[in-house]
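Coordinate analysis (summary)
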Amino acid sequence: MSATPPLSQVPAVGNNVQIPAEMLDQSKSALTPLLGASLTQLTEWVQQQGQPAYRGRQLHGWIYQKGARSFGDITVFPKQWRETVADVPIGRSTLHYRSEAPDGTVKYLLRMADGQIIETVGIPTSKRLTVCVSSQVGCPMACDFCATGKGGFTRNLKRHEIVDQVLTVQEDFGQRVSNVVFMGMGEPLLNLEAVVEAVQSINQDVGIGVRSLTISTVGIAGRIRQLAEHQLQITFAVSLHASNQALREQLIPSAKRYPLEALLDECREYVQLTGRRVTFEYILLAGLNDLPEHAVELAGHLRGFQTHVNLIPYNPISEVDYQRPSPRRIQDFVDVLQQHHIAVSVRRSRGLEKDAACGQLRASKSLV
Ligand code: SF4
């Protein structure tokens, strides 16, 4: 949507509105939604429509601050022009289901334009409002402990479908989102282009500091380097979940093609290329990877890394019989890492009471 095409290339749609060719999603011959476009891109677009440049800023404000869902909502625009561009989609989802836990955590099932349903979570604390966004419909990684992985993969999300999740939570809570984590459904590095574009839009258009955005991956060979080349000042997290290769293969099938040492080497490269540290995430599964010897083994792998380990006590799901470790066992794991001078935190479970694990709500509503 950045360059202005000659008029001869501009297809006519709807009420004879002329849409630049690059606004067409070629795969589906559908209009590309405006959500996710920058101020510059929106300004170019309104000018292509014969409107003055200042309408670009108005459009940007109505999309990102005022929650416009269609041109009909944008009452500052002339009625005749609104009718002309009525077919151009803004790109907002519709709410399919909302579930609020006693601790204030809200889970949403959002319906995309093609009818696909994804999960998004809003997590409030006294100082923050964090959104856990999905990057794919389902997930192909099939991690053994994950409800989303059990449901299979449907498709990648598009830029606007990711940005929409942040706006949806912001509007529902009536307060600004402070943090966004790519830890919902899907493996973000398998949808890198849309994820990077969404990160840029969430930062520049929605206005959330880039360091408050976290991309989390289980590791895709070569993609960590590609992410580093974008030089985003995001927080980057890698889900190790195991202290050795055999255990990792048991939990994450794709690990067979991406040995732990190769993953750690690519993480070191990420640190070199970006000057940013890597956070390692480790899901604690009772009796499987939560013993003191696992902590010692993990510490050995992370020696020399400027890092932080985030321990995630498991939220049980009905599909598998992994269990959450006891608080004593969790503390023992923490103690061993700290004895090895590794910074460590334990993620507090939010919304544990109801369908708390990733993919569980969608599964419980028979949507997979
Ligand atoms: S844990 Fe993440 S990467 Fe693994 S199957 Fe679930 S959503 Fe996919």
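Residues numbered from 1 in each chain as written. Predicted model: local features only at pLDDT ≥ 70, side-chain atom pairs only at ≥ 80, totals over all residues. Heavy atoms only, no water.

The next thing to look at is the packing of aromatic side chains. The tally for this structure, following the rule as stated, stands at nine aromatic pairs. Through successive ring pairs, a cluster of aromatic residues spans Trp45, Phe71, Phe77 and Trp81. (Phe/Tyr/Trp six-rings, centres within 6.5 Å; stacked < 30°, edge-to-face > 60°.)

Our next topic: the pattern of salt bridges. Pairs can form between side chains of opposite charge once their charged atoms are near each other. One pass over the full model with this rule turns up 15 salt bridges. The partner of Glu119 in a salt bridge is Lys107, and the shortest N-O contact between them spans 3.0 Å. With Glu119 in strand β7 (residues 117-124) and Lys107 in strand β6 (residues 106-111), the pair connects residues that are 12 residues apart, well separated along the chain. By relative accessible area, Glu119 is classed as buried at 4%. Assessed through its relative accessible area of 8%, Lys107 is described here as buried. Ionic pairing is found between Arg268 and Asp265, a salt bridge with its closest N-O pair at 2.8 Å. (Salt bridge = Lys/Arg side-chain N within 4 Å of Asp/Glu carboxyl O. Helix = DSSP H or I, 4+ residues; strand = E, 2+ residues; numbered from the N terminus. Buried < 20%, exposed > 50% of the residue type's maximum accessible area, 1.4 Å probe, protein only.)

The 10 strands lie next to each other as β5-β6-β7-β8-β11-β12-β13-β14-β15-β16, forming an open sheet whose pairing is mixed. Each edge of the open sheet is held by one strand with a lone partner, namely β5 (94-100) and β16 (343-346). Strand-to-strand twist across the sheet, computed as the mean angle between neighbouring axes with direction ignored, equals 20 degrees. Bridge count between β7 and strand β8 (residues 129-132): four bridges; the pairing is antiparallel. By the bridge assignment for β8, Ile123 is matched with Thr130. On the sheet, helix α5 (residues 159-173) packs against β5, β6, β7, β8 and β11 (179-182) and is oriented at approximately 130 degrees with respect to β6. Packed on one face of the sheet, helix α9 (residues 260-274) meets β13 (235-239) and β14 (278-284) and runs near 145 degrees to β14. (Pairing = 2+ DSSP bridges. Axes fitted to C-alpha atoms, helices over the stretch in contact; angles between N-to-C directions. Contact = heavy atoms within 4.5 Å.)

The next point concerns the site of the ligand. Taken together, Cys139, Met141, Ala142, Cys143, Phe145, Cys146, Gly149, Gly184, Gly186 and Val218 make up the full set of residues near the ligand. For the shell around the ligand, a count of residues per class yields seven nonpolar, three polar and no charged. (Near = heavy atom within 4 Å. Nonpolar A, V, L, I, M, F, W, Y, C, P; charged D, E, K, R; others polar.)

Let us look at the nonpolar core. The tendency in soluble globular proteins is for nonpolar side chains to be buried side by side. Leu59, Phe71, Leu227, Phe280 and Leu337 are the most contacted members of the largest nonpolar core, which totals 100 residues. Counting residues per element, this core draws most heavily on helix α6 (residues 192-206), which supplies seven residues. Viewed by domain, this core spans two of them, domain 1 (7-84) and domain 2 (94-364), each represented by three or more residues. With sequence-adjacent residues up to four places away left out, Leu59 is seen in contact with Leu34, Leu42, Trp45, Val46, Phe71, Ile74 and Phe77. (Core = buried A, V, L, I, M, F, W, Y, C linked by side-chain atoms within 4.5 Å. Domains from an automatic or database assignment.)

Two elements in contact, α5 and α6, have axes separated by 8 Å at closest approach and are oriented at 40 degrees. What the angle tells us is that α5 and α6 run oblique. The two elements α5 and α6 cross, and the hand of that crossing is right-handed. Residues Arg159, Ile162, Val163, Val166, Leu167 and Gln170 of α5 form the contact with α6, whose own contacting residues are Ala194, Val195, Glu197, Ala198, Ser201, Ile202 and Val206. Counted by class, the contact of α5 with α6 contains nine nonpolar, two polar and two charged residues. (Parallel < 35°, antiparallel > 145°, perpendicular 65-115°, else oblique. Left-handed = near helix turned anticlockwise from the far one by under 90°.)

Considering the arrangement of structural elements, one finds Gln51 in the loop between α1 (39-48) and α2 (54-64). For Gln51, a relative accessible area of 16% corresponds to the buried category. In this structure the side chain of Gln51 is engaged in a polar contact, spanning 3.2 Å, whose partner is the side chain of Arg55. Those residues in contact with Gln51, other than ones at most four positions away along the chain, are Val46 and Trp81. (Polar contact = N/O pair within 3.5 Å; in protein donor to acceptor, adjacent residues only side chain to side chain.)

Okay, the packing of α1 against α2 next. Where α1 contacts α2, the axes come no closer than 8 Å and their chain directions differ by 125 degrees. Regarding the angle of α1 to α2, the classification is oblique. Read as a crossing pair, α1 and α2 show a hand that is right-handed. Counted together, Leu39, Leu42, Thr43, Trp45 and Val46 of α1 and Arg55, Gly56, Arg57, Leu59, His60, Ile63 and Tyr64 of α2 form the full contact between these two elements. Counted by class, the contact of α1 with α2 contains seven nonpolar, three polar and two charged residues.

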